[in-house]
Amino acid sequence: MEINDILQKSRDTEPFDKDELIEMLSFPPDSTESYLLMAEANRISKELTENKAEVHAQFSLNLAPCACNCSFCSFAKKYGIFEHETEISPEEAVSFAKQFERDGANAIFVMTTANYPFSKFIEVSQEIKKNLRNETTLIANIGDQSLENAKKLKQAGYAGVYHALRLREGIDTSLSPENRKKSIRNFQEVGLKVGTCVEPIGPEHTNEEIAELILFTGSFNPSYSGAARRIAIPGTEMASIGMISELRMAQIVAVTRIGIPKTVLGNCTHEPCTLGGIAGANLFWAEVGANPRDIKERTEEGRGESVESCRNIFRECGWDIWELSSRYYLS
Ligand code: SF4
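What counts as what
Residues numbered from 1 in each chain as written. Predicted model: local features only at pLDDT ≥ 70, side-chain atom pairs only at ≥ 80, totals over all residues. Heavy atoms only, no water. Buried < 20%, exposed > 50% of the residue type's maximum accessible area, 1.4 Å probe, protein only. Helix = DSSP H or I, 4+ residues; strand = E, 2+ residues; numbered from the N terminus. Near = heavy atom within 4 Å. Nonpolar A, V, L, I, M, F, W, Y, C, P; charged D, E, K, R; others polar. Core = buried A, V, L, I, M, F, W, Y, C linked by side-chain atoms within 4.5 Å. Contact = heavy atoms within 4.5 Å. Phe/Tyr/Trp six-rings, centres within 6.5 Å; stacked < 30°, edge-to-face > 60°. Lys NZ or Arg CZ within 6 Å of the ring centre and 35° of its normal.

Topic: the pairing of strand 11 (residues 283–288)
Of all six residues in strand 11, six are buried, a share of seventy percent or more. Residues L283, W285 and E287 line one face of strand 11 and the alternating positions F284, A286 and V288 line the opposite face, and both faces are buried.

Spelled out as structure tokens, the structure:
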């Protein structure tokens, strides 16, 4: 398919199949075709959001060696990067959340490792919720959950969750792909909106695998999809495989935007960068505390961006900023 035919099909809002996505992903990242796809994705994202991007902000309730041992994660027990569990207090959690609220984050994410007790998560969440403004959007980023637990998340005041079927789930992770999908269905069944992403992309992933995951993310009407590259954690087996460039990530961000339905407003990328911001990303994340892509205990001293720095990256790309609660997580 010629690039002009792809662009015309996108403008006509016709759906793309797997082969067509593979074709888009197969252009060299530094080619005229890829830049045209980025421009088209940028056009779509700006049109859908009236040129106003969002910044969501995440903090973690704990930092712990995690027995799930996902190969791309700095918390994986097998790497021994973090040897002891630490938790923040409910007061500290409230303080992080209120700071993000003051900073103007459009949604606040509360994360834990997979082994953090669910009942404690709900207790701390209730404390956070009652200290935030009513209209502040609260999102959970935790492990797989049953329908019962999904209901409890909703009752605790969560508007939605972040949940992803990761690339090579069940191979590079010890988690079941079916459980990941089931959790997404459980969340949606109780009215929690689900944001997701094609992640964590490394140089070994084929265009076919990426295209399949793009189509999966677009299949369940998420709040947003997007694309994020794997960050090499020093000393890990994955680090020796390397990382894709920001330019390749931007190409995949663009193909994701073009490949998912236009009813999905959001398109994320992580880590925040201007190449992503001109290639159709309209959602970045700020982070404080523990971060599975960092070896620092406090990512604000490492890889983590602040709400303001994310906003500035968007402004550099010609985006304005949405100032109210997230539109992506509206039901
Ligand atoms: S990605 Fe989540 S489940 Fe996997 S090792 Fe890290 S904390 Fe555990």
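Picking up after the structure, the text goes on.
Brief notes about the site of the ligand
Near the ligand the following residues occur: C66, C68, N69, C70, C73, F75, T113, A114 and R166. For the shell around the ligand, the residue count by class is six nonpolar, two polar and one charged.

Observations regarding the nonpolar core
Ranked by size, the top nonpolar core spans 80 residues in total, and within it L37, F59, F121, I128, L153 and Y158 carry the most contacts. With eight residues, the top contributor of residues to this core is helix 9 (residues 246–259). Residues contacting F59, with those up to four places away along its chain left out, are I88, A93, F96, A97, F100, I108, F109, V110, M111, I128 and V288. By size, the runner-up hydrophobic cluster in this structure holds 13 residues, among which are A164, Y224, A228 and C268.

Considering the environment of I128
Following the sequence through the fold, I128 ends up in helix 5 (residues 118–131). Each C-alpha atom of the pair I128 and F96 lies 9.3 Å from the other, and the pair is 32 residues apart in sequence. In this structure, I128 is in contact with F59, A93, V94, A97, V110 and L138, ignoring residues within four places of it in sequence.

Some words on unusual backbone geometry
Phi is mostly negative for residues that are not glycine, and the peptide bonds are mostly trans. The residue after E199, namely P200, is reached through a cis peptide bond having omega -15 degrees. For P200, the position within the fold is in strand 8 (residues 198–201). The linkage connecting H270 with the following residue, E271, adopts the cis geometry, with an omega of 5 degrees. Note that E271 resides in the loop between strand 10 (266–270) and helix 10 (274–277). Although it is not a glycine, E50 adopts a positive phi angle of roughly 50 degrees. For E50, the position within the fold is in the loop between helix 3 (32–49) and strand 1 (52–60).

Examining the packing of aromatic side chains
Counted according to the given criterion, the structure contains 13 aromatic pairs. With centroids separated by 5.7 Å and ring planes inclined at 65 degrees, the aromatic side chains of Y224 and W285 adopt a geometry described as edge-to-face. Of this pair, Y224 sits in strand 9 (residues 224–229) while W285 sits in strand 11, placing them 61 residues apart in sequence. A single burial state applies to Y224 and to W285, both of which are buried. Measuring from centroid to centroid gives 6.0 Å for F314 and W319, while their planes differ by 70 degrees, and the two rings are edge-to-face. Residue W319 is classed as buried on the basis of its relative accessible area, which comes to 1%. Taken together, the aromatic side chains of F109, Y162, Y224, W285, Y328 and Y329 make up a single cluster linked through ring pairs. We note K46 situated over the ring of W319; from NZ or CZ to the ring centre the distance is 4.9 Å. Note that R327 overlies the ring of W322, its terminal NZ or CZ placed 3.8 Å from the centroid.

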